[in-house]
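# Fold and contact review
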Amino acid sequence: ELKVEQNPLFLSMQEGKNYTIYCNYSTTSDRLYWYRQDPGKSLESLFVLLSNGAVKQEGRLMASLDTKARLSTLHITAAVHDLSATYFCAVDPDSGGGADGLTFGKGTHLIIQP
Amino acid sequence: NAGVTQTPKFRVLKTGQSMTLLCAQDMNHEYMYWYRQDPGMGLRLIHYSVGEGTTAKGEVPDGYNVSRLKKQNFLLGLESAAPSQTSVYFCASRRTLIGPQHFGDGTRLSIL
């Protein structure tokens, strides 16, 4: 059974600081996704990582994937208040080929204070 | 382009009542999914479909049924609602198996 663990689950940080969210998963996969969710809203796709060593950047967010370590990171650079949200990583297990849905981490609730 | 539309957005039920949640997508996606989101639990897969006329069980299927009679629609049914099914339900679809899933706005369901 695939397990996806995120840490930290809660993070309060100041504007202008850097921080990293970690996502570990328990079985082989080379397809990992990061989503953002604002309170009471839907999930917005941020990054799609499809191979070992993949790195994607959008604004102050950068995501990477190490399939050998079964680890993805979401790095926040010079945080701003607008990045406050809950961030989820989700994994497609190799065994299902992707058809049988994503396994999500529990999410990281990020609060960025002025 | 509406994307993924869920109906209704909110609903309150009494224990034992039944209801159907509708998910409609206008992107011609083959793959569709139903998840539930509970506080501190992330999203968990209930059922999924890999094409019109097909359905399969996910991680937490008990107490739910689904149907996909048309490619664009994926219905989630609760035959006899229980308080443990109080949750936010999200529908999602994807075009390919290596692309992101696109989510609807969710249905907030309370069962008293």
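Higher on the page you've got the structure.
Quick summary incoming for the structure in this document. Note that the structure is a prediction, hence the values are computed from the model and not measured.

### Thoughts on the sheet that holds strand β7 (residues 64–67) of chain B
Residues and elements named next belong to chain B. Strand order across the open sheet formed by 4 strands is β1-β3-β8-β7, with antiparallel pairing between neighbours. The sheet terminates laterally at β1 (4–7) and β7, the two strands that pair on one side only. Across the sheet, the mean angle separating the axes of adjacent strands is 20° when strand polarity is ignored. Strand direction decides the pairing type here: β1 and strand β3 (residues 19–25), joined by 4 bridges, are antiparallel. Across the sheet, the residue bridging to T7 is L22, located in β3.

### So, the sheet that holds strand β8 (residues 71–76) of chain A
All names here are of chain A. As summarised here, the arrangement of the 5 strands in space is β1-β3-β8-β7-β6, forming an open sheet in which the pairing is antiparallel. The open sheet is flanked by β1 (4–7) and β6 (55–58), the only strands paired with a single partner. Strand-to-strand, the axes of this sheet are offset by a mean angle of 15°, without reference to chain direction. Examined bridge by bridge, β6 and strand β7 (residues 61–66) share 4 bridges and lie antiparallel to one another. Directly across from Q57, in β7, lies its bridge partner M62.

Conventions and cut-offs
- Residues numbered from 1 in each chain as written.
- Chains lettered and ligands numbered in written order.
- Predicted model: local features only at pLDDT ≥ 70, side-chain atom pairs only at ≥ 80, totals over all residues.
- Heavy atoms only, no water.
- Pairing = 2+ DSSP bridges.
- Helix = DSSP H or I, 4+ residues; strand = E, 2+ residues; numbered from the N terminus.
- Axes fitted to C-alpha atoms, helices over the stretch in contact; angles between N-to-C directions.

Limitation: the analysis is restricted to geometry and does not speak to function.
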